[in-house]
2 protein chains.
Amino acid sequence: MTTDLVAAVDIGGTKIAGALVTGEGELLHRAQRPTPARESAAAVLRAVTDVVTRLTESGDWSRVRALGIGSAGPLDARLGSVSPVNIPVWRDFPLVEGVRGVVGELPVTLVGDGAAIAAGEHWRGAARGRRNALCMVVSTGVGGGLIVDDRLYAGPTGNAGHIGHISVDFNGDLCPCGGRGCVERIASGTNIARYALAAGWRPADQGGDATTAGVAAAAAAGDPVAREAFDRSARALAAGIAATATLVELETVVIGGGVSQAGEVLFAPVRRALAEYATLPYVQGIDVVPAQLGTDAGLVGAAAASWRESGTFLSRGEAGN
Amino acid sequence: MTTDLVAAVDIGGTKIAGALVTGEGELLHRAQRPTPARESAAAVLRAVTDVVTRLTESGDWSRVRALGIGSAGPLDARLGSVSPVNIPVWRDFPLVEGVRGVVGELPVTLVGDGAAIAAGEHWRGAARGRRNALCMVVSTGVGGGLIVDDRLYAGPTGNAGHIGHISVDFNGDLCPCGGRGCVERIASGTNIARYALAAGWRPADQGGDATTAGVAAAAAAGDPVAREAFDRSARALAAGIAATATLVELETVVIGGGVSQAGEVLFAPVRRALAEYATLPYVQGIDVVPAQLGTDAGLVGAAAASWRESGTFLSRGEAGN
């Protein structure tokens, strides 16, 4: 085998994952470290360079043509710097410069984690073959990325598609981002559980599981308060999806992340509410489908962004091209 | 003079305007008809073909290489059909087919009026030289169009950028579009006047002018209720602008239309509110500026979209290229 590979790194608040990725999206030689998010800027960088160093030690490193990094945001792809909300020791941290010691002059592509997931689902997952798609993660936070005209659109700074921080309730509660009534502030897993508990739901029947998974199990069993908690989240998500479709035109919405594991408990009310908010003819009939790549989406997508940026052939499998 | 021209038509609920347009954006040979919006589909088409026929009778028609049409939406640019909210006799009306009798095989480009205005302001107005911009009209309705990566992005159906119908209040009032809490439902001129009157403002001091202009005059004179009416509109606009910036990344927002004539009565609270809603680093510092092209923006923009689509050279003036 002498075909080209790219190296991919996915940086989150909990862990830093890496892999070598083939032109078909296959992951080789994985490496992973916990994110020392509160230790020091240097400690987090060391975790990243440790992961990349592990990859360089594989026998296949000589075939690597580029490095793609997907990072928790916000970030500034133009400057190669990141300020992830969930890694407080990194503010305007020069990440691309920081990995140069390990990768030398290799081309490096930096995109936000939402953009990376969108690139991954478009290349190898649920958005394959779709020209205009929003790919979302609904988890402890809410993020997303956009496929526009059959390509990843990450925006000048790499943050585009960040649906979690658009306001759907302009007089609503303050969001930790400083805004008000953001989708994430209403719809995230954390806020589903918070709302259910405040509305009187008690986790006793789910073995004391007071997390979103417990609320989901109760909703699936018909608990009305748990259902209302998911409905409220779904309405906020749907209003945000409809806004995105109205602004950029969408044919497909892909939803992944922990909360999406609730399946129809989430997807059914999202589809119902989307029909209410997306009423203009050109935003009707949008497909809402589960993500396919699971926790590897970020790595696959960082690779996809890197393949594209480096001008290397990127196989689309049955989607062609 | 033997240089190429395009023909441009701007279709609104009140009037249908046309002109021949040079590669520098100069308008020649204007024509105009009132829109018989409630008569019949054929009568509205006849008004359009009358306008175009007037243009064909000019001595310069032989230099025309393409026709650009900007139409009130929604529309479907792929099918060449339009369903303008304010022209109820046209539903899925085959407009492009309808003008063939006058223009023969000339290339025809159809875009929404919001997209046309964005193309116009980007080519010859306030968004010149800006790579990522939202151009809005705040009038009896609220519309918009997007410049992404230095080009008009109209979306597959020509409706992209329609900020008037994104929800910023997902539990809010029903909008005539069927949605809930849309920007237009809160921020349009009609709704500013409605809100002010409902909140107790009385137009006596403005010579009985109960329109948005009367509210604007009262606000400029310091009337607290009139100010609150503009502030509320401005907050809804700002939440929508912040959402658009968060999703597609913007450096500039251009605001035109009748309500923008209120000047700082509108712009000052929009800028203030935008600082509250657009808090993530990559959406801070967006320029909010008045439109420059006035009522000609739609014609200039239909021409710009047509020049681009037809592959003809489009002069940018001092912005180059």
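Owing to the predicted nature of the structure, the values given are computational and were not obtained by experimental measurement.

**Some points on the overall build of chain A**
Here is step 1: Counting its secondary structure elements, chain A contains nine helices and 13 strands.
Here is step 2: Against the 2.2 N^0.38 benchmark of 20 Å for 321 residues, chain A shows a C-alpha radius of gyration of 20 Å, consistent with a compact globule.
Here is step 3: Judged by the C-alpha coordinates and their principal axes, chain A covers about 55 × 45 × 35 Å.
Here is step 4: Within chain A, the proportion of its 321 residues that are buried is 61%.
Here is step 5: Within chain A, counting contacts between residues at least 6 apart in sequence, those at least 24 apart form 62% of the total.
Here is step 6: Computing the positive centroid from 27 side-chain charges and the negative centroid from 32, chain A places the two 1 Å apart.

**A look at helix α8 (residues 264-277) of chain B**
Residue and element names in this part refer to chain B.
Here is step 1: Over its 14 residues, α8 runs 19 Å from end to end, which matches the ideal 20 Å to within 8%, given 1.5 Å per residue.
Here is step 2: For α8, every residue scored as buried is listed here: V265, L266, F267, P269, V270, A273, L274 and Y277.
Here is step 3: The elements touched by buried residues of α8 are α6 (212-220), α7 (224-248), β12 (252-256) and β13 (287-290).

**Quick notes on the sheet that holds strand β7 (residues 93-94) of chain A**
The strands that make up a sheet pair up through hydrogen bonds in the backbone, lying either parallel or antiparallel.
Residues and elements named next belong to chain A.
Here is step 1: One open sheet holds the three strands; their spatial order is β5-β6-β7, and the pairing between them is antiparallel. Where the open sheet ends on each side, the last strands, each with one partner, are β5 (75-76) and β7.
Here is step 2: The pairing of strand β6 (residues 81-82) with β7 spans two bridges and is antiparallel. Opposite V82, over in β7, you have F93 as the bridge partner.

**Concerning the relation of the copies chain A and chain B**
Here is step 1: Placing chain A over chain B gives an RMSD of 0.0 Å and needs a rotation angle of 180°, together with 0.0 Å of translation along the axis. Viewed as a symmetry operation, the transformation between the two copies matches a two-fold axis.
Here is step 2: By residue overlap, the copies meet face to face through one surface: 100% of the interface positions of chain A are interface positions in chain B.

**Overview of the packing of aromatic side chains**
Residues and elements named next belong to chain A.
Here is step 1: As enumerated under the stated definition, the model contains two aromatic pairs over all chains in all.
Here is step 2: Measuring from centroid to centroid gives 4.7 Å for W90 and F93, while their planes differ by 5°, and the two rings are stacked.
Here is step 3: Judged by relative accessible area, which is 13%, F93 ranks as buried.

**A closer look at unusual backbone geometry**
Residue and element names in this part refer to chain A.
Here is step 1: The omega torsion across G73 and P74 is 0°, close enough to zero to call that bond cis.
Here is step 2: Here P74 is to be found in the loop between β4 (64-71) and β5.
Here is step 3: Here H29, not a glycine, exhibits a phi torsion of approximately 50°, which is positive.
Here is step 4: Inspection of the secondary structure assignment puts H29 in strand β3 (residues 27-34).
Here is step 5: Overall, H29 belongs to the partly exposed group, its relative accessible area being 36%.
Here is step 6: In the Ramachandran plot, D150 falls in the positive-phi region, its phi being about 70° despite a non-glycine side chain.
Here is step 7: Position of D150 relative to the elements: it lies in the loop between β10 (142-148) and β11 (151-153).

**Side note on the packing of α6 of chain B against α7 of chain B**
All names here are of chain B.
Here is step 1: Put simply, α6 and α7 touch, their axes get as near as 7 Å, and they point 115° apart. Along this stretch, α6 crosses α7, giving a crossing that reads as left-handed. Residues T212, V215, A216, A218, A219 and A220 of α6 touch α7, and the partners they reach there are A226, R227, A229 and F230.
Here is step 2: Residues belonging to the contact of α6 with α7 are distributed by class as follows: eight nonpolar, one polar and one charged.

**Brief notes about the confidence of the model for chain A**
Here is step 1: Looking at chain A, the pLDDT average stands at 93 and 95% of residues meet or exceed 70.
Here is step 2: Within the model, pLDDT remains below 50 along residues 312-321 of chain A, and this stretch shows 24 contacts once partners closer than five positions in the same chain are excluded.

**A word on the interface of chain A and chain B**
Here is step 1: Counting residues at the interface gives 43 residues for chain A and 43 residues for chain B.
Here is step 2: Area buried by chain A at its contact with chain B is led by F170, L247 and E249 of chain A, which between them contribute 23% of it.
Here is step 3: Taken together, the links from chain A to chain B amount to zero salt bridges.
Here is step 4: The tally of links from chain A across to chain B stands at 24 residue pairs in polar contact (both at pLDDT 80 or more).
Here is step 5: At the level of elements, β10, α7 (224-248) and α8 (264-277) of chain A are the ones that each hand at least two residues to the side of chain A that touches chain B.
Here is step 6: Here the element with the most residues in the side of chain A that touches chain B is α7 of chain A; it accounts for nine residues.
Here is step 7: Counted by class, the side of chain A that touches chain B contains 22 nonpolar, 15 polar and six charged residues.

**What to know about the pattern of salt bridges**
Two side chains that carry opposite charge are able to pair once their charged atoms sit near each other.
Here is step 1: A full pass over the atoms with the stated rule returns 22 salt bridges over all chains.
Here is step 2: A salt bridge links E228 of chain A to R235 of chain A; its shortest N-O distance comes to 3.6 Å.
Here is step 3: Among the residues examined, E228 of chain A registers a relative accessible area of 30% and is labelled partly exposed.
Here is step 4: Ionic pairing is found between R65 of chain B and D4 of chain B, a salt bridge with its closest N-O pair at 3.1 Å.

**A few points about the pairing of strand β10 (residues 142-148) of chain B**
Residues and elements named next belong to chain B.
Here is step 1: Within β10, seven of the seven residues are buried, which leaves the element mostly enclosed by the surrounding structure.
Here is step 2: Taking every second residue as pointing to the same face, both faces of β10 are buried, with V142, G144, L146 and V148 on one and G143, G145 and I147 on the other.
Here is step 3: Across six bridges, strand β9 (residues 133-138) lies against β10 in antiparallel orientation. Among the inter-strand pairings, M136 is bridged to a residue of β10, identified as G144.
Here is step 4: Between β9 and β10, which follow one another and run antiparallel, lie three residues.
Here is step 5: Once β10 ends, the chain turns through two residues before running back antiparallel as strand β11 (residues 151-153), passing D149 with a positive phi of about 60°.

**Remarks on the environment of I147 of chain A**
Residues and elements named next belong to chain A.
Here is step 1: On the secondary structure map, I147 appears in strand β10.
Here is step 2: Look at I147 and you get buried, because its relative accessible area is 1%.
Here is step 3: Sequence-distant contacts of I147, defined by excluding residues within four places in its chain, comprise A118, A119, H122, R130, R131, N132, A133 and L152.

**Quick look at the domain arrangement of chain A**
Residue and element names in this part refer to chain A.
Here is step 1: Per the domain assignment, the segments making up chain A are domain 1 (5-112 + 295-319) and domain 2 (126-291).
Here is step 2: Domain 1 and domain 2 are separated by 27 Å when their C-alpha centres are compared.
Here is step 3: Taken together, the contact pairs 12 residues of domain 1 with 10 residues of domain 2.
Here is step 4: Buried area between domain 1 and domain 2, summed over both chains or domains, comes out near 830 Å², and the portion from carbon and sulfur atoms is 49%.
Here is step 5: Inspection of the domain 1/domain 2 interface yields zero salt bridges.
Here is step 6: Elements with a contribution of two residues or more to the side of domain 1 that touches domain 2: β5, β8 (108-112) and α9 (297-309).
Here is step 7: Looking at the side of domain 1 that touches domain 2 residue by residue, the classes come out as six nonpolar, one polar and five charged.

**A short note on the sheet that holds strand β9 (residues 133-138) of chain A**
All names here are of chain A.
Here is step 1: Pairing in this open sheet of five strands is mixed, and the strands run β11-β10-β9-β12-β13 from one edge to the other. Edge positions in the sheet fall to β11 and β13 (287-290), since each of these pairs with one other strand and no more. Within this sheet the neighbouring strands show an average axis-to-axis angle of 25°, counted without direction.
Here is step 2: Pairing of strand β12 (residues 252-256) with β13, which is carried by four bridges, proceeds in the parallel orientation. Bridging across to β13, I255 finds its partner in P290.
Here is step 3: Its contacts with the sheet put helix α3 (residues 113-124) on β9, β10, β11 and β12, and the angle it makes with β10 is roughly 50°.
Here is step 4: Contacts from α8 reach β12 and β13, with the element oriented near 165° to β13.

Rules behind the numbers
- Residues numbered from 1 in each chain as written.
- Chains lettered and ligands numbered in written order.
- Predicted model: local features only at pLDDT ≥ 70, side-chain atom pairs only at ≥ 80, totals over all residues.
- Heavy atoms only, no water.
- Helix = DSSP H or I, 4+ residues; strand = E, 2+ residues; numbered from the N terminus.
- Rg over C-alpha atoms; globule rule 2.2 N^0.38 Å.
- Buried < 20%, exposed > 50% of the residue type's maximum accessible area, 1.4 Å probe, protein only.
- Contact = heavy atoms within 4.5 Å.
- Lys, Arg positive; Asp, Glu negative; His and termini not counted.
- Charge placed at Lys NZ, Arg CZ, Asp CG, Glu CD.
- Expected span 1.5 Å × (residues − 1).
- Pairing = 2+ DSSP bridges.
- Least-squares fit on C-alpha atoms with pLDDT ≥ 70 in both.
- Phe/Tyr/Trp six-rings, centres within 6.5 Å; stacked < 30°, edge-to-face > 60°.
- Axes fitted to C-alpha atoms, helices over the stretch in contact; angles between N-to-C directions.
- Left-handed = near helix turned anticlockwise from the far one by under 90°.
- Nonpolar A, V, L, I, M, F, W, Y, C, P; charged D, E, K, R; others polar.
- pLDDT = per-residue confidence, 0-100.
- Buried area = accessible area lost by both parts, 1.4 Å probe.
- Salt bridge = Lys/Arg side-chain N within 4 Å of Asp/Glu carboxyl O.
- Polar contact = N/O pair within 3.5 Å; in protein donor to acceptor, adjacent residues only side chain to side chain.
- Domains from an automatic or database assignment.

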